[in-house]
Amino acid sequence: MKNWIQAFSVIDFISVGILLAAVAMNALRRIESCVRAYTLNSWLLSLLIGIVAFMIGETHLYIAAAVTLLSKGIAIPVFLRRIVRQMKITHDVEPYISNALSLTISGILVAVVYASLKEGIFVAGFSKNVLQISVAVILIGLFIMITRRKAVIQVIGLLFMENGLFLAGFSLTFGMPTIIELGILFDMLMGVIILGMFIIQIRRAFASADLDKLTVLKG
Amino acid sequence: MEIESYLHIGFLFFFSGAMFSLLPGQKTKTYIYILSSIGAAGFAVFGLYLLFTEPRNMFSLPISSVFDFSFCGDGISGFFILVISILAFAVSVYSIGYTRDLDNKGLMGFLFNIFILSMYAVVLSGNIITFLISWETMSIISYFLVTFDRDEKSAKAGLVYAVMTHIGTAFLIVLFMILYRYTGDMGFSGIKGLSSQIPEDMKSLVFIFSIIGFGTKAGIIPFHTWLPRAHPAAPSNISSLMSGVMIKTGIYGFIRISMDIMGPGPEWWGIAIIVIGAVSSILGVMYALMEHDLKRLLAYHSVENIGIILLGIGASMVFRSSGMLALSSLALIAGLYHTLNHAVFKGLLFLGAGSVMHATHTKNMEDMGGLIKSMPYTGLFFLVGSVSICALPPFNGFVSEWLTYQSLLLGFKSTSITSKIISPLGGAALALTGALAAACFVKAFGISFLGMPRSCHAENVKESSLSMIIGMGILALLCLLFGVFPGIVLTIIQPVSFMLTGSHGMAYKGIFIGISETLSTLSPAAILITMIVMSISTLIFILTVGRKKRIIYGDSWDCGIPWLTPRMQYSAAAFTKPVRMIFKRIYLPTRELKVSYLVKPFFVKSIEYSGEITPFFEKYIYDPVTGFIHKLAGKVKILQSGSLHLYLAYILITLILLLIFGT
């Protein structure tokens, strides 16, 4: 089994899947699809952790994989879907730029990451692609936040960035101690809940969750 | 009893005063000031001990291998502790009555006690870090006290104060870094021992920075702009402490750094201080003369008096650099004597102004008048303070200014031509200052306390409560005591001047004080006796000679107008008009006259007159600087579009640039 994983570069394939789920965000038009893309991204992340746990036989990595699946793969998507339903908004993500341009820039971002991290930190046992992919996911998440008008998408972009960060940390350290990972996950869960509240409050106050309306708040 | 136990008693009482203020319950809050006054008495005894013993370490708490949190004291600290304690005692007594009507008694009591403790901490600090921490604590607590009344004017005054005082602190930090760089020691005594290692030009830099850093706190011109804003904004017991002693910590710091630690410097240091002192005293009193707000007037007088103190200190530095130690000691005694005196009489005047404001609810002199009839004690004590600040015998201001004159005029004994010219010119400046100060207090006292009430504010006022009167009475008594028996004050100042110059400079014998160098003597007690005898004999003369004539009482001549109204009295603006005209090149006055006629030009319906002087330093120095900073900030503000997406884009661009160029 372990040889198979080695032979077919399963880890690389899953990492690329994570990257593709992030890149797909550029082309998606409906908020529900975005949530689905995030769900896919989280599941793949959890799967990756599980496979690495199997490879090196660490028990606490299994726990990390399970908790990731439960929180990022199930709890947060369910919560996000409820927010979208509660807000009763148009389900379009309303990007500032066209899909084609958005995809092109994402591609450039990935290229920049690959070009600049050519001889970075190499971790044995992992493909070095994982680190670059994780940085690329972080940047794409940020890029999504910049180019989408809806507040919900900002949250999803942030979650993508978090997944990227998690992956980067994981690829460098083979998983942090369980207690720290649990702490990070709990923080993020709280963050998402609070952001969800804020979005609903913003909508109530401005009758819109359009972030452009917030510019009147500046001093 | 051990010396330190007085320190501990003092600290304990102030600290428990602060803590009790924080307890819930508002009614008894005014009595915590009794604790403060006992604490001040404890510190006063401690300060006296420090003057007459060897320098000692009080408290040391190691924080890291490089420095420890340490407090130590010597004669200089002892003198300033005594000055702070005297005023703190009187103000504490005054505050019992004064704070009764305040809204937020608990906060006031807490800040009041911590503020006094922080001033003690400043003068007792034994090393650089302890000094800066105490200094900043003092500045921040006083900022909260300036903004104690929650209105827009106080907030603005507080902002100006905070900005100015932090600019000063920035210079102090650089100054201390230079000292540490060349001596490698944090403690003041260690730096003093190694000060010969500092190169000459660096010493001069340290000197200049100490003028700016400590001068900002002391309020020398041109760093004075915060005084006339911050002092009136604070409650009166606080403005009394700020003006009476807080600005003196600037003088303490200057003496500590530029005279104690660095030793005798080149002659131009002293000359520079004399020039700064002369400019501050003349311009300070001139601006004071134009103020009709009682507390702003007093604040400008603080600028003037800091100038007078600096005249003495500057003369001392000049003499010290040319080795004339007896004269140097004399001039230093003059400066320190005036430091003590200014604390006493300016504290008294601010307390008096506080009583007046408390009773009339106005700061504007033009709305007062006739207050001496309804507030006889406040009026009397304010008069004592006014006479003292005008340097008239038999009160204390006279002695210290006489000494300052003597030391400046003895500048002709100096070897260099420059100081031979500059010192007597400083004396001339002091003479002009004295005359203008007298005019100013004739105005301040006359317009506020004499004549008829000028507005409804001044009618039906009540005398202040007993504790307020006692607080002012203590200071008024001290004004007289320090003026009649200068020997007492010399006893506590001479240890300091001997420590810094190694010479006594003055001698006192009974009721006479004498200058060792010139053998001239002064006896204020004799002057007082002469004054009493002369007035009694005049009285007897009038009574015996004048009794034969019958006295007829009648109305004042009213130029044929049916009745006299309060509006016909001399006003403050009118009283100072001649001065405004003489010095119009300095004041740059502007005036506006609006006359509307019923039938031109015979029947006048109404006349509106408004006149003001140009605030030179604000308009030509501070406004351009702040304008420039605002303009720059406006340019930077373009980055702050308020759009979340743009902010995120900044982050993305930064990240990508770091990725490309960082790896």
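Residues numbered from 1 in each chain as written. Chains lettered and ligands numbered in written order. Predicted model: local features only at pLDDT ≥ 70, side-chain atom pairs only at ≥ 80, totals over all residues. Heavy atoms only, no water.

Engineer: Residue-level account of the overall build of chain A, with values.
Structural biologist: Each helix and strand in chain A was counted, giving eight helices and zero strands. In chain A, the succession of helices and strands from N to C terminus is α-α-α-α-α-α-α-α. In chain A, buried positions account for 50% of the 219 residues. Summed over its atoms, the accessible surface of chain A is roughly 10,300 Å², and 72% of this surface lies on carbon and sulfur atoms. (Helix = DSSP H or I, 4+ residues; strand = E, 2+ residues; numbered from the N terminus. Buried < 20%, exposed > 50% of the residue type's maximum accessible area, 1.4 Å probe, protein only. Areas by Shrake-Rupley, 256 points an atom, 1.4 Å probe, with all protein chains shown as cover.)

Engineer: Can you lay out the interface of chain B and chain A for me, pointing to particular residues and giving the numbers?
Structural biologist: Contacts between the two partners involve 16 residues from chain B and, on the opposite side, 21 residues from chain A. For the pairing of chain B and chain A, the buried interface totals around 1,400 Å² over both sides, and the portion due to carbon and sulfur atoms is 79%. For the chain B face of the interface with chain A, the top three residues by lost area are His645, Leu652 and Leu659 of chain B, together amounting to 41%. Between chain B and chain A we count zero salt bridges in total. Here chain B is connected to chain A by three residue pairs in polar contact (both at pLDDT 80 or more). Among the elements that take part in the side of chain B that touches chain A, helix 25 (residues 644–662) of chain B stands out by supplying ten residues, more than any other. Of the residues in the side of chain B that touches chain A, the class split is nine nonpolar, six polar and one charged. (Contact = heavy atoms within 4.5 Å. Buried area = accessible area lost by both parts, 1.4 Å probe. Salt bridge = Lys/Arg side-chain N within 4 Å of Asp/Glu carboxyl O. Polar contact = N/O pair within 3.5 Å; in protein donor to acceptor, adjacent residues only side chain to side chain. Nonpolar A, V, L, I, M, F, W, Y, C, P; charged D, E, K, R; others polar.)

Engineer: Kindly report on the sheet that holds strand 3 (residues 506–509) of chain B, identifying the contributing residues and their values.
Structural biologist: All names here are of chain B. In spatial order, the strands read 3-4-5; together these three strands make up an open sheet with antiparallel pairing. A single partner strand is all that each edge strand has here, and the edge strands are strand 3 and strand 5 (521–522). Where strand 3 and strand 4 (residues 512–515) come together, four bridges link them in antiparallel fashion. If you follow Lys509 over to strand 4, its bridge partner there is Phe512. (Pairing = 2+ DSSP bridges.)

Engineer: Go over the side chain of Ser239 of chain B with me, naming the residues and quoting the values.
Structural biologist: Residues and elements named next belong to chain B. The residue Ser239 is located in helix 10 (residues 236–261) in this model. For Ser239, a relative accessible area of 0% translates into the label buried. If we ignore the near neighbours within four places in the chain, the residues touching Ser239 are His231, Ala234, Gly244, Lys295 and Phe350.

Engineer: Tell me about the layout of surface pockets, and please be specific about residues and values.
Structural biologist: Residue and element names in this part refer to chain B. Estimates place the volume of the second largest pocket at around 690 Å³. For the second largest pocket, the lining is made up of 19 residues, of which Val160, Val163, Met164, Tyr622 and Thr626 are closest to its centre. Of all elements in the fold, only helix 6 (152–183) and helix 24 (616–637) reach the threshold of two or more residues within the lining of the second largest pocket. Examining the composition of the lining of the second largest pocket, we find that eight residues originate from one element, helix 24, more than from any other. Along the lines of polarity and charge, the residues of the lining of the second largest pocket split into eleven nonpolar, four polar and four charged. When residues of the lining of the second largest pocket are assigned to domains, at least three fall in each of domain 1 (1–263) and domain 3 (616–662). (1 Å grid on protein atoms, 1.4 Å probe; cavity = no way out; pocket = protein on both sides within 12 Å on 5 of 7 lines; lining within 4 Å. Points joined across faces, edges and corners; volume = space filled by probe spheres on them. Domains from an automatic or database assignment.)

Engineer: Please provide a residue-by-residue account of the nonpolar core, values included.
Structural biologist: Phe46, Tyr120, Phe176 and Trp226 of chain B are the most contacted members of the largest nonpolar core, which totals 193 residues. Looking at which element gives the most residues to this core, the answer is helix 13 (residues 325–360) of chain B, with 19 residues. Three or more residues apiece are contributed to this core by two domains, here domain 1 (1–263) and domain 2 (266–505) of chain B. Aside from chain neighbours lying at most four places away, what touches Tyr120 of chain B is Phe14, Ala40, Phe43, Ile81, Ile84, Ser85 and Ala88 of chain B. Ala37, Ile76 and Ile156 of chain A together with Ala649 of chain B belong to the second largest nonpolar core, which has 68 residues in total. (Core = buried A, V, L, I, M, F, W, Y, C linked by side-chain atoms within 4.5 Å.)

Engineer: Explain the pattern of salt bridges residue by residue, including any values.
Structural biologist: Evaluation of the coordinates by the stated rule reveals eight salt bridges over all chains. The partner of Glu32 of chain A in a salt bridge is Arg30 of chain A, with the nearest N and O atoms 3.7 Å apart. Overall, the relative accessible area of 18% leaves Glu32 of chain A in the buried class. For Arg256 of chain B, the salt bridge identified is with Asp260 of chain B, shortest N-O distance 2.8 Å. Here Asp260 of chain B and Arg256 of chain B lie together in helix 10, a separation of four residues that amounts to about one turn.

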